[in-house]
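# Survey of secondary and tertiary structure
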Amino acid sequence: MPPGSYCRKTSAVWLRLANRQTPGFTRSVHRMSEFGNELARLMLARGVGVRELARQVPCNPGHISNLKNGRARPSPELALALGRALAADGELVAAWEASRQPIPASPLASIAPDADLYGRITRAVDEPLRIDVPVVEWLEHTLAEHRRVEDSVGARPLLGLIRSQLATVADFTHSARGPLADRLVGLAAEYAQFMAWMCIDVHDHAAGLAWYDRAHDWAQEAGDANMAATTLSMKAHMAWSTGDPRRCVQMAQAARWYSRRVTPGVQGMAAQMEARGHALAGDAGPARSLLDQAQALIERAAGTPEDEPAWMYFYGEDWFALQRGMAELHLRNYGAAADLLTAGLETLPESYRRDRAWYGACLVSAHTGAGDAEQAEAVALRFAADIAEVNSYARGELLDAAGKLHSVGAPQAEVIRSALGDEKP
């Protein structure tokens with residue numbers, strides 16, 4: 001199954017919710033459906049049918065069908081057995097755990113609700129008209145915490161959770177009234193933006209684009225210029241990731257139309273994305289000029305971080321060195337790129353595992369471009385485990401570097417491929 005098929009289901013979820021005018025669906029049925037969706041996805045991905053899976057577990061085939069179609073809930077033992085049979089790496093058990101919660105979330109102490117809040121969440125899910133400020137605040141905090149979790153584990157383990165949370169928030173937007181309704185629409189925009197990011201992380205660009213469009217519409221509806229501009233900057237990022245410098249520049253320029261209505265950090269993101277597009281096109285002058293503008297804006301933002309939106313938590317001066325390094329890499333200024341990427345990686349927290357994997361792969365490319373095969377190998381071995389586990393884009397970058405090393409007869413190419421489990425010449 002294409003890796004993005006899981007994400008494409010989110011569009012169907014949103015369309016169903018968008019057309020609803022009645023209170024939300026029953027909590028237990030919804031959670032069983034979430035488990036069934038995950039089971040169906042894994043079965044399709046592994047090429048395993050109902051009868052074959054039932055024979056492996058073992059279990060009655062009819063019960064497997066009911067689980068798959070959301071008509072039954074498994075026991076914890078069965079969820080574990082199904083996960084083992086499908087080599088699900090904990091995903092199916094996580095889906096079962098989520099099915100027990102009114103709104104699924106990672107088992108983080110920082111977001112665990114107390115008894116009163118748990119009761120409020122449960123009542124709101126069963127009767128969306130009872131949504132209140134404490135529940136919305138919990139959802140806002142939960143989204144912020146899951147963004148940080150995704151920095152460490154990547155998108156794939158969180159897709160089901162965030163999809164379900166987004167569906168619930170979208171449902172709440174039809175029931176809330178007054179200022180709380182506007183707040184929920186803004187939160188829906190944040191969730192859709194995060195969902196888009198994760199879809200792109202699993203290479204489903206069509207779903208990512210659709211969710212960015214939905215996030216932008218919700219942001220406009222909520223009057224949130226910061227999120228509206230951010231979604232356009234992230235569409236520029238998506239264009240960059242597909243090697244389209246012209247569209248990257250155009251979308252970043254569209255984001256900059258909001259400049260007088262957004263924070264310095266959000267302005268800086270747009271300027272930096274436009275610079276990235278120019279660098280990808282090989283236009284050094286505008287790329288470096290825009291990077292200077294972006295850095296000045298980010299320095300302003302650092303002076304009042306409390307004024308920046310929650311999703312800009314990562315966007316600081318240390319991180320910006322990595323952006324300059326990546327731009328210099330595009331411009332084939334390999335020595336400067338290596339210096340900037342090395343400096344940036346030294347300050348990037350260990351918890352930013354996904355980003356460290358990407359910029360580590362970029363550093364390998366910089367050393368490769370500079371003709372330093374030994375340094376390329378050393379950096380590749382340092383980051384290979386994280387690259388293999390949490391960042392498929394970084395894996396592609398690293399294999400590309402290995403291919404270039406192979407083309408000049410450098411033995412380090414095979415060491416790098418072997419570290420990734422790919423030993424093809």
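The shown structure was predicted, so the numbers you read here are calculated from the model rather than taken from an experiment.

### Things to note about the pattern of salt bridges
Oppositely charged side chains may form a pair once their charged atoms are brought near each other. A complete count under the given rule lists 18 salt bridges for this structure. Between Glu38 and Arg41 there is a salt bridge whose closest N-O contact spans 3.1 Å. Residue Glu38 and its partner Arg41 are both found in helix H2 (residues 27-46); the two are separated by three residues, about one turn of the helix. For Glu38, a relative accessible area of 5% corresponds to the buried category. Taking the relative accessible area as the measure of exposure, Arg41 reaches 6% and is therefore buried. For Lys235, the salt bridge identified is with Asp213, shortest N-O distance 2.7 Å. Here the residue Lys235 occupies a position in helix H12 (residues 225-241), and Asp213 occupies one in helix H11 (residues 205-222), the gap between them amounting to 22 residues. On the basis of relative accessible area, Asp213 is assigned to the partly exposed category, the value being 32%. One network of salt bridges, in which partners are shared, links Glu150, Asp151, Arg354 and Asp355.

### Quick notes on helix H19 (residues 373-390)
Taking 1.5 Å of rise per residue, 18 residues should cover 26 Å, and H19 covers 24 Å from first to last C-alpha, within 8% of that figure. Bending of H19 peaks at approximately 55° at the position of Phe383. Restricting attention to buried positions, one finds in H19 the residues Ala373, Ala376, Val379, Ala380, Phe383, Ala384, Ile387 and Val390. Buried residues along H19 sit against helix H8 (133-153), helix H17 (334-347), helix H18 (353-369), helix H20 (392-407) and helix H21 (412-419).

### A word on the packing of aromatic side chains
This model, assessed by the stated rule, comprises five aromatic pairs. Between Phe314 and Tyr315, the ring centres sit 5.7 Å apart and the planes meet at 80°, which makes this aromatic pair edge-to-face. Its relative accessible area of 8% is what places Tyr315 among the buried residues. Taken together, a centroid distance of 5.3 Å and an interplanar angle of 80° make the contact between Phe314 and Trp319 edge-to-face. Of the residues examined, Trp319 reaches a relative accessible area of 9% and is grouped as buried. What links up through ring pairs into an aromatic cluster is the set Tyr313, Phe314, Tyr315 and Trp319. In this structure, Arg148 is placed above the aromatic ring of Tyr313, and the distance from its NZ or CZ to the ring centre is 4.1 Å. Between the NZ or CZ atom of Arg276 and the centre of the ring of Trp240, over which it lies, the distance is 4.4 Å.

Reading the values: the criteria
Residues numbered from 1 in each chain as written. Predicted model: local features only at pLDDT ≥ 70, side-chain atom pairs only at ≥ 80, totals over all residues. Heavy atoms only, no water. Salt bridge = Lys/Arg side-chain N within 4 Å of Asp/Glu carboxyl O. Helix = DSSP H or I, 4+ residues; strand = E, 2+ residues; numbered from the N terminus. Buried < 20%, exposed > 50% of the residue type's maximum accessible area, 1.4 Å probe, protein only. Expected span 1.5 Å × (residues − 1). Bend = angle between axes of the 7 residues up to and from the residue. Contact = heavy atoms within 4.5 Å. Phe/Tyr/Trp six-rings, centres within 6.5 Å; stacked < 30°, edge-to-face > 60°. Lys NZ or Arg CZ within 6 Å of the ring centre and 35° of its normal.

So, to be careful, I would describe these as geometric facts and stop short of saying anything about function.
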